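Below are the chains, spelled out letter by letter.
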Amino acid sequence: MGFLALLWVGEGSSLNGAAPTEYQLKAVFLMNFAKFVEWPTTAFRSAQNALTICVLGENPFGHDLDDVVRGQVAADRALAVKRLAQVQREDNCHVLFVSAAEKARTERVLGVLRNAPTLTVGEGDDFAAAGGMIGLLIDDNKIRFEVNLDAAGNAGLKISSKLLKLAKNVREKRNP
Amino acid sequence: MFWLRDISITRKLTTIVVATSAAALLMAGAATIIYERVTFPRNLAQHLASLADVVGNNSAAAILFNDETAAAESLQALKATPNIMMAQVYRKDGGVLASYVRVGEPMATLSAAKTGISQETIAAEYVDIFRPIFVGAERVGGIGLRSDLTEVKVRLGAYAQTWLAVLFVSLLGALGVAAVLQRVVSLPILNLAGIARRISNEHDYSQRAVKETGDEIGALVDGFNEMLSQIEARDGALTQAQGELEKRIRDLQQEVAERQRAEKGLAEKAVELERSNAELQQFAYVASHDLQEPLRMVSIYTQLLAKRYGPKLDGAALEFIGYAVDGVKRMRLLIRDLLEYSRVGTRGQFLAMTDCNAVLALTLNNLEAVIEESRARITRGPLPVIMADDVQLGQLFQNLISNAIKYRDSKPPEIHVGCKQEESHWLFWVRDNGIGIDPQYAERIFIIFQRLHGKGEYPGSGIGLAICKKIVERHGGKIWVESELGKGSTFYFTLPATAGS
Amino acid sequence: MNTEQYRRLRILHVEDNIGDVRLIAEALREAGRDHEIAVAFDGVEALDYLHRRGHYADAWRPELILLDLNLPKKGGIEVLAEINADKELRQIPVVVLTSSSAPQDINRAYALNANRYITKPADLSELFSVVGELEKYWANGAKLTPRLGV
C-alpha cells in the first residue's frame, strides 16, 4: 500500500506520521460516509443513541476503525464500532461494512438487510451492483466508491449529494 | 461672488435654489458614493463569504475524502464568477487541497487557513475571504476566496454616472421649479421695485403698491404704502405751502409794486409839490409885491394929500383921508400876514433835530422888549429835542407867548411854558393868566382872520393863531385851547416824538 | 428956502411909474431943494440919454442917477451893468431906488457897483427923510467920488 501513501497528504488523525494503510483510509471513508448520510428517525432510539458501525466477519481494520472513530462525531452522534459474526436486522447497525473476505455472504446479507436503514458498505465494483449501497473501489491508485442510490433510497436512507458528487459512479434507476 | 450681488433677484433666487439643490445633491451623492465605497467591498465580502460557504460546503466531502479532483472541480465552478481571482480549499491543518486561480493572477495562501477562523480582509485591490468548512459541527477544513474589486469599481462608476445624470436632471428640474417658484418671492418685490421706480420718475405719490402676499414682503408693501401716504400728505402740504408761499410772494410783489408806484407817485407828487410850492412862493411873492405897489401909491399919496392940503380941508375930509390911509395900512398888514401864512408851507424847512429849549430862549430874546414893557414873568419847564423846523417852532412860540402877553388883564402876565411826554408825542402848553377865552369860540380863534376883539382893544390881524395851527399841523400835531373867561388860557399843542427824544 | 449952501444937482431919474417920479419931485421940494431932474421912463431911454444918443444928443450929463429896477424894455440891472461897463458913465453915482427888497436884487446891484440901494418906503415921512438924507449927501459938497472897483 505504499503507492497509496504517496497520494495522501496526511490529515491529522490518530495515525501518527506514518503513511496510512489502505484500511486506515477506508476506515476514514467509512466514518466520513456516516457524515453524509441521513437515517430515518426510527433508526435511532434516542438522540443520545450512538451511530453504530458494524463490521461483519473478517475485520480488516484491526483497531484502526476504533482509532479513527474515537472522539469523532457524525450527524451529531458519537460513533461506535461493533464486530459481528452474523448480522440481523435487530442488530440495528447503522453502517455495516462487508469486507472483501466476506464476499460470499454479500447477497444473503443484503437480502437480510433489504430496506433496513443500514448503510451497507462493501468492497469491490460488484458490491453496488449487487444491491450494496456503497462499494469501495481502488481506482487509479486512489480509493473511490460507487453508490447504489436505489438501494439506499429503498432503505429510507438519504445520501447527500455532496457525497454522490465524489462517487465514481452512482447507480440509479434511470442510470443504465 | 460680487456678481451675485447685483444681478436681478429673479436670477439670484433661482441661482440660490439651484446652487442649494446642487450642493445638497452633491453632498448626498458624495455621501452615497463614499458610503458605497466603504460598504460595498464589505457587501462583496459578505457575498463572497456566502459564496465561499457554498463552495466550501460543496467541497466538504472532497476534503474529508481527500478528493483533490473533486475539490478542484468545485473550485472550477468559480471560473464563472469573473471577479474571483483565486480560490483554495484547505485541509484542516491549513494545507491546500485544491486551488483555482484566474488567468494571469499569482497564487497566494490565506494566512487564516491555518487558524481556521473566519476572516475577511479588504485590501485596496482585492478582498480576501476565508471560511471554515464544517460537516455538521466538525470543522473539516477551510476555503479561501480572493475577489477583485472590479465589481465595486464598476458599481461605483455606475453610481457616479447615474448620480451625475440625476444631478443634471435634478438641477434642470430645480432650475425649472425655482424659476417658477421664485416668482412667489421675487414678483412682489419686482412689482414693488417697479412701483417705486415709477413713482420716483413720475413724482406721482398717489400711486400705491398692491399687497399680494401676507409675508414680510406684504408687510414691506404696507410700510411702503404708508410711507407713500405720508409722502403724499407731506407733498400735498408742501405743494399747498408752496402755493401759499407763491401767493404770498405774489401778494408781496404786488404790494411792493404798489408801494413803488405809490412811492413814484409820491416822488412825482413831491416834485409836483416842490414845483407847486416854488410857483406858489413865486406867486405869493409876486402877488404880494405887486399888490403892495399900488397900495404904497395910495398910502403915500393920501398922506401927501393930507400933508399938502391938510390946512385947506375940514375935519370930515381929514377924517375920510384918515380912514383911507388906515385902510391901506390894514391892507398892507393883511397882505404881509397872508404872505407869512402861506410861507409856513412854502418856506418850511425839512425837519431836523431841534432843541426846543434853545428855540424858546431865542424867542424870549426876540420878545425881550415887550416882555419887559409888560413886566411879564415867564417860567418854563425842560423841553425836549425833537424833529422840527426850528424857524417855525420859533414863530409858534413867539405867537403864543406874544398873545399871552397881549391878552393880559390888569395883573402882570404870568406865563408858563411846559411839556410832558405822552405815548407817541410831546404835549406842550403855554399857560397864561390873561383875560381868557369864551369856550364857545375855542375853535373859531384858530381860523384865519377871525378876531374876537375889536382892533381898538387889542391889535393884531387875527392871523397869529392860524399860523400857529398851520405850523403845528405841518409837524403832524394838534393845537387847542382850554380856557375860561377871566381865568387865563392854556394853549396846548402836540408835536410827534422822535425815537430817543 | 433952505439957506444952507447947496448945489443944484442934475439928476437922472429912471422910473416908469409917474407916481413915483412925482413923489421924488415932491419929496425934494419938501426938502426945499430945486434940483434939475431928467426922467427916463425905460431902460433904453435911460441909456440913450446917458450916451447922448438920438435926440438926447445935447443932454447934460447927470451928476446922480436914481435907478428903479423894474423897468420896461430894459431892466434896471441891465442898465446898471451897462453903466458899470462904461468908463465914463461908471463915474456917475447910482442910487438904486426900487420897491423890491429881494436880497438877490440888492446883491446884484452892489456887485454892479451901485452906490446905494434904497427900498421905496410906503410911509410919507419915511420917504421924505430918505430923500432928504440922500440929497444932503450928494448935494452938500459931496465930491463925486470915483466908484470903487472897476
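Values in this document were obtained by computation on a predicted structure and should not be read as measured data.

S.K.: Would you take a moment to explain the overall build of chain C for this structure?
M.R.: Assigned secondary structure in chain C consists of five helices and five strands. In sequence order, the secondary structure elements of chain C are arranged as β-α-β-α-β-α-β-α-β-α. In chain C, buried positions account for 49% of the 150 residues. The contacts of chain C with a sequence gap of at least 6 include a subset with a gap of at least 24, amounting to 69%. Carbon together with sulfur atoms contributes 51% to the accessible area of chain C, which is approximately 7,500 Å² in total.

S.K.: How should the sheet that holds strand β10 (residues 169-171) of chain A be read in this particular structure?
M.R.: Two modes of strand pairing occur in sheets, parallel and antiparallel, and in both the strands are linked by backbone hydrogen bonds. All names here are of chain A. Strands sit in the order β3-β4-β2-β5-β6-β7-β8-β10 across an open sheet of eight strands; the sheet is mixed. The open sheet terminates on both sides in strands that have one partner only, identified here as β3 (73-74) and β10. Bridge count between strand β2 (residues 51-56) and strand β5 (residues 95-98): four bridges; the pairing is parallel. In the strand pairing of β5, Ile53 is matched with Val95.

S.K.: Is there a simple way to explain helix α5 (residues 150-202) of chain B in this structure?
M.R.: Given 3.6 residues to a turn, an α-helix orients residues that are three or four positions apart in the same direction. Residues and elements named next belong to chain B. Of all the bends found along α5, the most pronounced is centred on Val184 and spans about 50°, while Pro188, a proline, follows it within four residues. Among all positions in α5, only Val152, Leu156, Trp163, Leu167, Ala174, Ala178, Gln182, Ser186, Pro188, Leu192, Ile195 and Ile199 are buried. Contacts made by the buried residues of α5 are with α2 (9-64) and α6 (216-309). Once α5 ends, the next one or two residues include His203, with phi positive near 60°.

S.K.: Would you explain a nonpolar patch on the surface in this entry?
M.R.: Residue and element names in this part refer to chain B. On the surface, Val177, Val180, Leu181, Val184, Val185 and Ile189 cluster together to form a nonpolar patch covering roughly 480 Å² of accessible area. Examined against the element boundaries, Ile189 turns out to sit in helix α5. Looking at Ile189, the relative accessible area reads 31%, which means it is partly exposed.

S.K.: Can you walk me through the interface of chain C and chain B in this structure?
M.R.: Accessible area lost when the parts come together is the quantity often used to give the size of an interface. Chain C puts 20 residues into the contact, and the matching count from chain B is 13 residues. Of the roughly 1,400 Å² buried at the junction of chain C and chain B (both faces included), carbon and sulfur atoms supply 53%. Connecting chain C to chain B are four salt bridges. Across the salt bridge formed by B:Arg308 and C:Glu30, the nearest N and O atoms sit 3.9 Å from each other. Of all the secondary structure elements, the ones that give two or more residues to the side of chain C that touches chain B are α1 (18-30) and α5 (124-139) of chain C. Broken down by element, the residue count for the side of chain C that touches chain B peaks at seven residues, all from α1(C). Across the side of chain C that touches chain B, the residue classes break down as seven nonpolar, six polar and seven charged.

S.K.: Got a minute to help me understand the sheet that holds strand β12 (residues 489-496) of chain B in this structure?
M.R.: Residue and element names in this part refer to chain B. Strand order in this open sheet of five strands is β7-β9-β10-β12-β11, and the pairing throughout is mixed. Two strands bound the open sheet, and with one partner strand each, they are β7 (377-380) and β11 (479-483). Going from strand to strand, the sheet's axes swing by 15° on average, the running direction of each strand aside. Sheet topology note: the β11/β12 ladder contains five bridges and is antiparallel. Residue pairing in the sheet places Glu482 in a bridge with Thr490 of β12.

S.K.: Sorry if this is basic, but what is going on with the environment of B:Leu304 here?
M.R.: Secondary-structure assignment places B:Leu304 in helix α6. Looking at B:Leu304, the relative accessible area reads 7%, which means it is buried. Here B:Leu304 is in contact with B:Tyr309, C:Leu23, C:Glu26, C:Leu124 and C:Phe128, once residues within four sequence places are set aside.

S.K.: Which parts of the structure should I look at to understand the packing of aromatic side chains?
M.R.: Residue and element names in this part refer to chain A. A complete count under the given rule lists 18 aromatic pairs over all chains for this structure. Aromatic pair Tyr23 and Phe61: ring centres 5.6 Å apart, planes at 80°, arrangement edge-to-face. Of this pair, Tyr23 sits in helix α2 (residues 22-35) while Phe61 sits in the loop between β2 and α3 (64-69), and the two are 38 residues apart along the sequence. In this pair, the class of Tyr23 matches that of Phe61, namely buried.

S.K.: Explain helix α8 (residues 356-366) of chain B here, please?
M.R.: Buried residues of α8(B): B:Cys356, B:Val359, B:Leu360, B:Thr363 and B:Leu364, and no others. Burial along α8(B) is one-sided: seen end-on, the buried residues are contained in an arc of 135°.

S.K.: Would you mind showing me how to read the interface of chain B and chain A here?
M.R.: Counting residues at the interface gives 18 residues for chain B, matched by 19 residues for chain A. When chain B packs against chain A, close to 1,600 Å² is buried across both sides, 54% of that on carbon and sulfur atoms. Counting across the chain B and chain A interface gives one salt bridge. Across the pair A:Lys35 and B:Glu138 runs a salt bridge, and its minimum N-O distance is 2.4 Å. The set of elements that each furnish at least two residues to the side of chain B that touches chain A consists of α2 and α3 (68-76) of chain B. When residues of the side of chain B that touches chain A are assigned to their parent elements, the largest contribution, six residues, is made by α2(B). A per-class count over the side of chain B that touches chain A returns eight nonpolar, five polar and five charged.

S.K.: Looking at this structure, how should I read the nonpolar core?
M.R.: Soluble globular proteins: nonpolar side chains tend toward being buried together. Counting 77 residues, the largest nonpolar core has A:Phe33, A:Trp39, A:Leu119, A:Phe145 and B:Phe65 as the members making the most contacts within it. In terms of residue count, α2(B) provides more of this core than any other element does, twelve residues in total. Those residues in contact with A:Leu119 that sit more than four places away from it in its chain are A:Phe33, A:Val37, A:Trp39, A:His94, A:Val95, A:Leu96, A:Met133, A:Ile134, A:Leu157 and A:Ile159. Judged by nonpolar contacts, the second largest core, of 40 residues, contains B:Cys419, B:Val430, B:Ile437 and B:Ile463.

S.K.: What exactly am I supposed to notice about the packing of α6(B) against α5(C) here?
M.R.: When two helices pack together, their arrangement is captured by the angle between the axes and the distance separating the axes. Taken N-terminus to C-terminus, the directions of α6(B) and α5(C) make an angle of 85°; their axes are 9 Å apart at the nearest point. In terms of orientation, α6(B) and α5(C) fall into the roughly perpendicular class. Counted together, B:Ile300, B:Gln303, B:Leu304 and B:Lys307 of α6(B) and C:Leu124, C:Ser125, C:Leu127 and C:Phe128 of α5(C) form the full contact between these two elements. Of the residues that constitute the contact of α6(B) with α5(C), the class distribution is five nonpolar, two polar and one charged.

S.K.: Got a minute to help me understand the packing of α6(B) against α1(C) in this structure?
M.R.: Interhelical geometry of α6(B) versus α1(C) gives an angle of 35° and a closest axis separation of 11 Å. The handedness of the crossing between α6(B) and α1(C) is left-handed. Counting all contacts with α6(B), which are made through B:Glu293, B:Arg296, B:Met297, B:Ile300, B:Tyr301, B:Leu304, B:Lys307 and B:Arg308, the residues of α1(C) involved are C:Gly19, C:Asp20, C:Arg22, C:Leu23, C:Glu26, C:Arg29 and C:Glu30. Of the residues in the contact of α6(B) with α1(C), the class split is five nonpolar, one polar and nine charged.

S.K.: Would you mind going over unusual backbone geometry with me for this structure?
M.R.: For residues besides glycine, phi is generally negative; the peptide bonds are generally trans as well. In this structure, A:Asn141 takes a positive phi of about 65° despite not being glycine. Along the chain, A:Asn141 turns up in the loop between β7 (134-139) and β8 (142-148). In this structure, B:Asn66 is a non-glycine residue whose phi angle is positive, near 55°. Mapping B:Asn66 onto the fold places it in the loop between α2 and α3. When its relative accessible area of 9% is taken as the criterion, B:Asn66 is described as buried.

S.K.: For this particular structure, what's the right way to read the confidence of the model for chain A?
M.R.: Close reading of the predicted structure is inappropriate where its pLDDT is low. Here chain A averages 82 in pLDDT, and 89% of its residues register 70 or above. Contacts from residues 1-15 of chain A, a stretch scored under 50 in pLDDT, to residues over four places away or in other chains number 23 contacts.

S.K.: Looking at this structure, I do not really get the pattern of salt bridges. What am I missing?
M.R.: Pairs can form between side chains of opposite charge whenever their charged atoms are close. By the definition in use, this model includes 45 salt bridges over all chains. A:Glu146 is the partner of A:Arg171 in a salt bridge, and the nearest nitrogen-oxygen pair spans 3.4 Å. Remark: A:Glu146 occurs in strand β8 and A:Arg171 occurs in strand β10; sequence separation between them is 25 residues. Its relative accessible area of 29% is what places A:Arg171 among the partly exposed residues. Take A:Glu146: its relative accessible area is 5%, and that puts it in the buried class. Residues joined in a network through salt bridges with shared partners are B:Glu293, B:Arg296, C:Glu15, C:Asp20, C:Asp68 and C:Lys120.

Rules behind the numbers
- Residues numbered from 1 in each chain as written.
- Chains lettered and ligands numbered in written order.
- Predicted model: local features only at pLDDT ≥ 70, side-chain atom pairs only at ≥ 80, totals over all residues.
- Heavy atoms only, no water.
- Helix = DSSP H or I, 4+ residues; strand = E, 2+ residues; numbered from the N terminus.
- Buried < 20%, exposed > 50% of the residue type's maximum accessible area, 1.4 Å probe, protein only.
- Contact = heavy atoms within 4.5 Å.
- Areas by Shrake-Rupley, 256 points an atom, 1.4 Å probe, with all protein chains shown as cover.
- Pairing = 2+ DSSP bridges.
- Bend = angle between axes of the 7 residues up to and from the residue.
- Patch = residues over 30% accessible without salt bridge, like charges linked within 9 Å, V, L, I, M, F, W, Y side chains within 5 Å.
- Salt bridge = Lys/Arg side-chain N within 4 Å of Asp/Glu carboxyl O.
- Buried area = accessible area lost by both parts, 1.4 Å probe.
- Nonpolar A, V, L, I, M, F, W, Y, C, P; charged D, E, K, R; others polar.
- Axes fitted to C-alpha atoms, helices over the stretch in contact; angles between N-to-C directions.
- Phe/Tyr/Trp six-rings, centres within 6.5 Å; stacked < 30°, edge-to-face > 60°.
- Arc of directions from axis to C-beta.
- Core = buried A, V, L, I, M, F, W, Y, C linked by side-chain atoms within 4.5 Å.
- Parallel < 35°, antiparallel > 145°, perpendicular 65-115°, else oblique.
- Left-handed = near helix turned anticlockwise from the far one by under 90°.
- pLDDT = per-residue confidence, 0-100.

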